[in-house]
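The lines below spell out each chain.
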Amino acid sequence: MPARFCFARLRVLRCHEPSGRRCRLSQVATLALTAWLTGSAVAAQASPPLVEVAHEPPLIDLFGAEIVGRGDVNGDRVPDVLIGAPTVIGSGVVYLFHGPLPRDFDASEAVTTFAPTLVRTRVGGAMALADLDGDGGDDVLLGDPAAWGVGGNRGQVWIFADPAPGALDETDATVVIRGAGRAYDVGAAVAAGDLDGDGNVDVIVGAPDDNPELNHGAVFVFYGPFAGPLTTDDADWEIHGIDLNGEFGAEIAVGDIDGDGVEDFVVGQPFSQGGVGRAWIFLQALRGRFTTDVADARIDGNGGQFAWSLAAGQDLTSDSVPDLLVGEPRLDQTANGAVHVFAGPITGLPTGPRVLSRADAVGAYRAEAPVGQFGFAVDFAGDVNGDGTNDLIVGAPLAGGIPTAPRGRAYVFYGPAGGAVGAANADLVFQGQRLEPVGLSVAGLGDLDRNGLDDFAFGTPEGYRGSYVPPLRPTVTVISPRRGNVRASGCGANPGSLTVASGTPTPRTSLVFALDGGQVLGAAPVLLFSVRPPAGWPGCGPTLPGIGELLVSVAPPEPAVLAGAPWTGAPVPIELPIPASFALVGQDLFAQGVFVDLTGAAPMPLQLTNGMVATLGL
């Protein structure tokens, strides 16, 4: 079964009179409407603007363990997407999809697949897209840290220049970089950027188990242009970690950290003998063999796998300078997790490296529950809501449920970043079902559908099986935001009007409606809304005898109900808070105003306004 996402439902917001007494509509009128429509009610179906890429795993398959976007392999100026599927048994597969993407399709529809036929290899966990040969189209870089060599997992990196459609294997690689000497797990991380400013893209390769007895880790830099085959002994610049079991090189991010117009790189070291993870920042392009002592800056954590995930090269603080994101999925040795935003530019010091700590972050996003591993994956989401600022996406694969049966969540926070923000205040939350690790991978993709809004993705890579859970299909969900709109509708003779006074129809915002036209002074104006389209929409809705047209479709549970101050003859504003619910994105909210006579007249008349529909976007 495919994964499902984000389950916030429309809850009943009971209306209240100014005195605090509950409005009688919620007790009488709404119940009557519910009973009238229950027999024909049909459950609402979510139709979010997403692309779900499903995959039926042949083995224990981690489809979606890594997602890379914002590249353009075929040069059509539409972003393309790489999805990795490393396997526990086997060599793994990487899938290349050219944008734009259809709504739902299977991994078998990938334009190109990369699947080594060699034994003891594993691709799909570390990938990059970059134009290494300068022809205008991005090339594909695949890390293969499990590649077997003399003495163990030497690892290697496969480079495919201008990959053709179809099924490719290691014989189609343009360049291969293999581990040599004391380098092990080469290709556990891979990135690319022009580090020396010569116009050629360079390759940075991580080997976190370099010197395997000590697990110091290392990073190897190859300046372009170059041709293969190569080994780590051919690297132009070697940087070796010095902390016991530090795993320097487990994560790499590239971006202009110091704001000088030339790309730099950051290396994650999530462990150390003292339990302090670090992010090492390199702002120069050196040659030779060095240790981390040549770093221009470093950021120290306090345990918690600081720098487990990294992202760089984009602006999240709206100052036009690229910033750095650092994920810490085990904050202070707990499973809480956090993401820290360090504002650029970050520079070195004449006397040595600049040393920063978590206290220097301008933004700190923290988990909403003790368990969750918030920050396991992090990226710049792009501008997903069209406000001109970059946004943030964070994965927490153990969030929700209980530790033995996590659901996983992916969170989107609208920019700009600043201050302390709890995950409970996320602008969008995507949650999986039991044993679905939503958020094990996240990625910003660029504008795949060319609608002016950036798209993003998160993976549910593990197909768990258990006695209480049916087999799940690993999936990658691509969110393609759309712009919301509001339109009015009216038919028949309604005595009142419903208009939008202010607001935009997006999650975690509010729409302020103006109700006008009630016939009884002192009547209580009430706004009803639901996500279920009424019968006959966009024509006339159903009618109630003696009341007239009813736009809102009512079914258990009751629709949300909001009340305003008694009508005095002027339009009454009623604010409708829109939940941060992925299930609502792309849905139509149907609203209608009702004036309820609370003056004591009997029988109690109801006066309806015209109806309105708001299509929700991000």
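The structure under discussion appears in the preceding block.
So, here's what we can say about the structure. Along every chain, residues carry numbers that run from 1 in the direction the sequence is written. Under the rules for a predicted model, residues below a pLDDT of 70 receive no local features and side-chain atom pairs below 80 are neither given nor counted, while totals for whole chains, interfaces and linings still include all residues. Processing note: side-chain calculations cover all non-hydrogen atoms of the structure and skip hydrogens and water entirely.

## A few points about the pattern of salt bridges
The line we're drawing: Note on definitions: salt bridges are taken to be side-chain nitrogens of Lys or Arg within 4 Å of carboxyl oxygens of Asp or Glu. In this description a helix means any DSSP run of H or I spanning at least four residues, a strand means any run of E spanning at least two, and both kinds are numbered starting from the N terminus. Residue exposure (1.4 Å probe, protein chains only): buried if accessible area is under 20% of the type maximum, exposed if over 50%, otherwise partly exposed.
Enumeration over the complete set of coordinates arrives at seven salt bridges. Of the charged contacts in the structure, one is a salt bridge between Arg 287 and Asp 236, with a shortest N-O distance of 3.0 Å. Placement of the pair is Arg 287 in the loop between strand E21 (278-282) and strand E22 (288-291) and Asp 236 in the loop between strand E17 (230-231) and strand E18 (237-240), with a sequence separation of 51 residues. For Arg 287, a relative accessible area of 54% gives the class exposed. Notably, a salt bridge pairs Glu 238 with Arg 289, separated by 3.4 Å at the nearest N-O pair. Taken together, the positions of Glu 238 in strand E18 and Arg 289 in strand E22 put the pair 51 residues apart, joining distant regions of the chain. Given the relative accessible area of 60%, Arg 289 is considered exposed. Residues participating in the shared-partner salt-bridge network are Asp 243, Arg 278, Arg 298 and Asp 300.

## As for the sheet that holds E18
Our working definition: Strand pairing follows a simple DSSP-based rule, namely that at least 2 bridges must link the two strands. The convention used is that axes are lines fitted to C-alpha atoms, helices contributing only their stretch in contact, and that angles between N-to-C directions extend from 0 to 180 degrees.
Ordered in space as E14-E15-E16-E18-E22, the five strands form an open sheet in which the pairing is mixed. Two strands in the sheet have a free side with no partner beyond their single neighbour: strand E14 (189-193) and E22. Neighbour to neighbour, the strand axes of the sheet diverge by 15° on average, direction disregarded. For E18 and E22, the ladder comprises four bridges, and the chain directions are parallel. Residue pairing for E22: Ile 239 is matched across the bridge by Phe 290.

## Quick look at the sheet that holds strand E7 (residues 127-130)
Read from one edge to the other, the open sheet built from five strands follows the order E7-E8-E11-E13-E17, with strand pairing classed as mixed. This sheet does not close on itself; its edge strands, each paired only once, are E7 and E17. Across two bridges, strand E13 (residues 175-178) lies against E17 in parallel orientation. Residue pairing in the sheet places Arg 178 in a bridge with Thr 231 of E17.

## Some thoughts on the packing of aromatic side chains
Spelled out, the test is: Note on aromatic pairs: the rings of Phe, Tyr and Trp (six-membered ring only in Trp) are paired at centre separations within 6.5 Å, and the planes decide the class, stacked below 30 degrees, edge-to-face beyond 60, tilted for the rest. By definition here, charges over rings are those cases where NZ of Lys or CZ of Arg is within 6 Å of the ring centre and within 35 degrees of the ring normal.
Under the definition given, this model contains 16 aromatic pairs. A centroid spacing of 5.4 Å and a plane angle of 70° characterise the contact between Phe 63 and Tyr 95, whose relative ring orientation is edge-to-face. With Phe 63 in the loop between strand E1 (50-54) and strand E2 (66-71) and Tyr 95 in strand E4 (residues 93-97), this pair connects stretches of sequence that are 32 residues apart. Each member of the pair Phe 63 and Tyr 95 is classed as buried. Plain terms: the ring middles of Phe 248 and Phe 282 are 6.4 Å apart, the flat faces sit at 70° to each other, and that makes the pair edge-to-face. Here Phe 282 lies in strand E21 and Phe 248 lies in the loop between E18 and strand E19 (251-255), a separation of 34 residues in the sequence. Since its relative accessible area comes to 0%, Phe 248 is described here as buried. Given a relative accessible area of 1%, Phe 282 falls into the buried group. Among the aromatic residues, ring-to-ring pairing joins Trp 237, Phe 248, Phe 265 and Phe 282 into one connected group. Between the NZ or CZ atom of Arg 154 and the centre of the ring of Tyr 184, over which it lies, the distance is 4.3 Å.

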